[in-house]
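The chain contents come next:
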Amino acid sequence: LASIYQPLYGGDKNVSEHYLAGRWTPDAVSPCYPRLTTLENNNNFRDSDVWTENGKYLKLRELELFYDLPSRWIDSIRLQKARIFVRANNLFSIDSVGIFDPEYIELGYPRAKSFLLGLSVQF
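Throughout this document, residue positions are counted from 1 along each chain, in the order its sequence is written. pLDDT decides what is reported in this predicted model: residues at 70 or higher carry local features, side-chain atom pairs at 80 or more are listed and counted, and totals for whole chains, interfaces and linings draw on all residues regardless. Excluding hydrogens and water, the side-chain values take into account all heavy atoms of the structure.

(A) Region of the structure containing the packing of aromatic side chains. Here a Phe, Tyr or Trp ring, Trp counted by its six-membered ring, pairs with any other such ring whose centre lies within 6.5 Å, and the pair is stacked when the planes are under 30 degrees apart, edge-to-face when over 60, and tilted otherwise. In total, this model carries zero aromatic pairs according to the counting rule given. A positively charged side chain is recorded as over a ring if its NZ (Lys) or CZ (Arg) lies within 6 Å of the ring centre. The angle to the ring normal must also be within 35 degrees. The residue whose ring lies beneath arginine 83 is phenylalanine 66, and the NZ or CZ to ring-centre distance is 3.8 Å.

(B) Inspection of the sheet that holds strand E5 (residues 114-122) at higher detail. Two strands pair if DSSP finds at least two bridges between them. The secondary structure listing takes helices from DSSP runs of H or I that are at least 4 residues long and strands from runs of E that are at least 2 residues long, numbered from the N terminus. Pairing in this open sheet of three strands is antiparallel, and the strands run E3-E4-E5 from one edge to the other. Of all strands in the sheet, those with a lone pairing partner are strand E3 (57-68) and E5, marking the two edges. On average, each strand axis in the sheet is inclined to that of its neighbour by 15 degrees, with strand direction left out of account. Pairing of strand E4 (residues 81-95) with E5, which is carried by nine bridges, proceeds in the antiparallel orientation. The partner of arginine 87 across the bridge, within E5, is leucine 116. Only the contacting stretch of a helix is used when fitting its axis, a line to C-alpha atoms as for every element, and angles between N-to-C directions run 0 to 180 degrees.

(C) Representation of the pairing of E4 within the structure. Pairing geometry for E3 and E4, over 11 bridges, is antiparallel. What sits directly across from aspartate 68, in E4, is arginine 83.

(D) Just unusual backbone geometry, in detail. Non-glycine residue arginine 78 carries a positive phi angle of around 60 degrees. Secondary-structure assignment places arginine 78 in the loop between helix H2 (71-74) and E4. Judged by its relative accessible area of 74%, arginine 78 falls in the exposed class. Phi is positive for asparagine 90, close to 55 degrees, though the residue is something other than glycine. Mapped onto the elements of the fold, asparagine 90 is located in strand E4. Categorising residues by exposure relies on relative accessible area from a 1.4 Å probe, with only protein chains included: less than 20% of the type maximum marks a residue as buried, more than 50% marks it as exposed, and the intermediate range marks it as partly exposed.

(E) Region of interest: the environment of leucine 58. By the secondary structure assignment, leucine 58 is in strand E3. The class for leucine 58 is exposed, based on a relative accessible area of 54%. Along the backbone, leucine 58 and serine 93 are 35 residues apart, and their C-alpha atoms lie at a distance of 5.7 Å. The criterion used for residue contact is that any of the two residues' heavy atoms lie within 4.5 Å. Sequence-distant contacts of leucine 58, that is, excluding residues within four places in its chain, are made with Phe92, Ser93 and Ile94.

In structure tokens, the structure reads:
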């Protein structure tokens with residue numbers, strides 16, 4: 001299980017869309033979370049399984065694809081080897097957490113996706 005944060009706890013004024021959409025309101029049909037308030041209300045912060053979610057996930061963290069150029073292409077420019085490559089980091093995550101990257105639960109900024117396209121040559 002992964003612990004999720006309790007909105008407005010300890011003076012924190014940040015609220016995710018996930019919590020905002022699932023909070024109790026007088027018109028809510030089936031809310032998942034307590035009402036949203038900055039007033040003193042210990043009922044909103046009691047230990048409960050409301051504040052946990054299934055933390056299982058599958059993540060593609062790194063991927064590298066490459067293609068070695070054929071020797072007939074590179075012999076004419078006097079190269080021994082030439083390779084085109086693509087590297088990517090943090091491509092996707094399959095999970096049920098819904099609020100943040102389950103691998104990065106410190107509630108900071110999410111890990112960025114990165115892509116690198118390159119050419120490696122040997123003379």
